[in-house]
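# Coordinate analysis (summary)
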Amino acid sequence: MKELYESDFDCMIIGAHPDDAELCCGGTIAKLSKENKKVVIVDLTRGEMGTRGTEEIRELEAKAASEILGVKDRINLGMRDGFIRTNEENLYKVVSVIRKFRPKIILMHPSFERHPDHENTHILVRDALFKIGLKKFVTNDENGNPQDVYRTRNIYCYMQAYQFPKSADFFVDISDVHDIKMEAIRAFSSQVYVPGQYENEAYTSLSTPEFMEELVARDRYYGGINGVKYAEGFLSVEPVFVRSLSQFL
Ligand SMILES: [Zn+2]
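Residues numbered from 1 in each chain as written. Predicted model: local features only at pLDDT ≥ 70, side-chain atom pairs only at ≥ 80, totals over all residues.

## Thoughts on the environment of Met212
With respect to the secondary-structure elements, Met212 resides in helix α6 (residues 209–224). When the C-alpha atoms of Met212 and Arg186 are compared, they prove to be 9.2 Å apart, with 26 residues separating the residues in sequence. Look past the residues within four positions of Met212 in its chain and what remains in contact with it is Val192 and Tyr193. (Helix = DSSP H or I, 4+ residues; strand = E, 2+ residues; numbered from the N terminus. Contact = placed C-beta atoms within 7 Å.)

Next comes the structure, spelled out in structure tokens:
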């Protein structure tokens, strides 16, 4: 049996739809992979409700983006796009996948977001993060064996459509991997603007050249206020804690 805080993977990024992880923290993911950290992305739905593309196309896009970012694994929990809810079935899925990978760090949607699925994912994952440590909330692995309980305090929210209501709690320098982030985002060519791709599909707020410019501008702005070229910001669910100030040295 594993110790309560014993981790296996370094980081898990949870998003409602394939492309959320890349759009919100693709640089941070690329940087962790570059440092040989074990990263897994968990998509809750296949994005089948999306105006553009199909679930089959989005699955291929997610696979290509995962390879560009160098993540070790990517899981799709197959929830119904547009109807993410906190119920027993979905809690079981999220608790089970967290207990399987035991990630030291978890990145997820913030609580206040434009897309209802994003807010509902935040609520669902917060609930699951409580239940992963409860031994009476029993989940089984693929072989039918009970999974060990788990806890982590490293739970952070990435930024998406809305700015955070206060400053981010910390920023990650993604200057050296920003081109990898943008390449991973362009892998989702059914969703975002890529010249010559899916040009006859319906217009969405993500499918314009301006949206791509906004992504770069935000990263550049957060880089600028931190004295680097590009950065991504995060909010911490738990208090930000260091064992010694020497971690800043
Ligand atoms: Zn989304």
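## Re the environment of Glu67
As for its position among the elements, Glu67 is in helix α2 (residues 55–69). For the pair Glu67 and Ala184, spaced 117 residues apart in the sequence, the C-alpha separation amounts to 8.5 Å.

## Some details on helix α3 (residues 88–101)
For α3, which comprises 14 residues, the first-to-last C-alpha distance of 20 Å matches the rise-based estimate of 20 Å (1.5 Å per residue) to within 8%. The elements touched by buried residues of α3 are β1 (11–15), β2 (39–45), β3 (73–79) and α4 (116–131). Phi for Arg102, located one or two positions after α3, is positive at around 45°. (Expected span 1.5 Å × (residues − 1).)

## Quick word on helix α5 (residues 178–186)
The buried count for α5 comes to seven of nine residues, which makes it a mostly enclosed element. When α5 is considered as a whole, its buried residues turn out to be His178, Ile180, Lys181, Met182, Ala184, Ile185 and Arg186. Those residues of α5 hidden inside the fold are in contact with α1 (20–34), α2 and α6. (Buried ≥ 20, exposed ≤ 12 C-beta atoms within 10 Å, placed from the backbone.)

## Details of the pairing of strand β7 (residues 231–236)
Note: strand β5 (residues 154–158) against β7, three bridges, orientation antiparallel. Its bridge partner being in β7, Tyr158 is matched across the sheet by Phe234. As paired strands, strand β6 (residues 170–173) and β7 are joined by four bridges and run antiparallel to one another. In the sheet register, Phe171 faces β7, and the bridge partner there is Gly233. (Pairing = 2+ DSSP bridges.)

## Observations concerning the sheet that holds β7
Here we have seven strands laid out as an open sheet, ordered β3-β2-β1-β4-β5-β7-β6, and mixed in their pairing. In this open sheet, the two edge strands, each paired with only one partner strand, are β3 and β6. Averaged over neighbouring strand pairs, the angle between their axes works out to 25° when direction is ignored. Of the pairings in the sheet, the one linking β1 to β2 comprises five bridges and is parallel in character. Pairing of Gly15 across the sheet is with Asp43, part of β2. Its contacts with the sheet place α3 against β1, β2 and β3, and it is angled at close to 170° to β3. On top of the sheet, α6 reaches β6 and β7; it is set at about 80° to β7, its chief contact. (Axes fitted to C-alpha atoms, helices over the stretch in contact; angles between N-to-C directions.)

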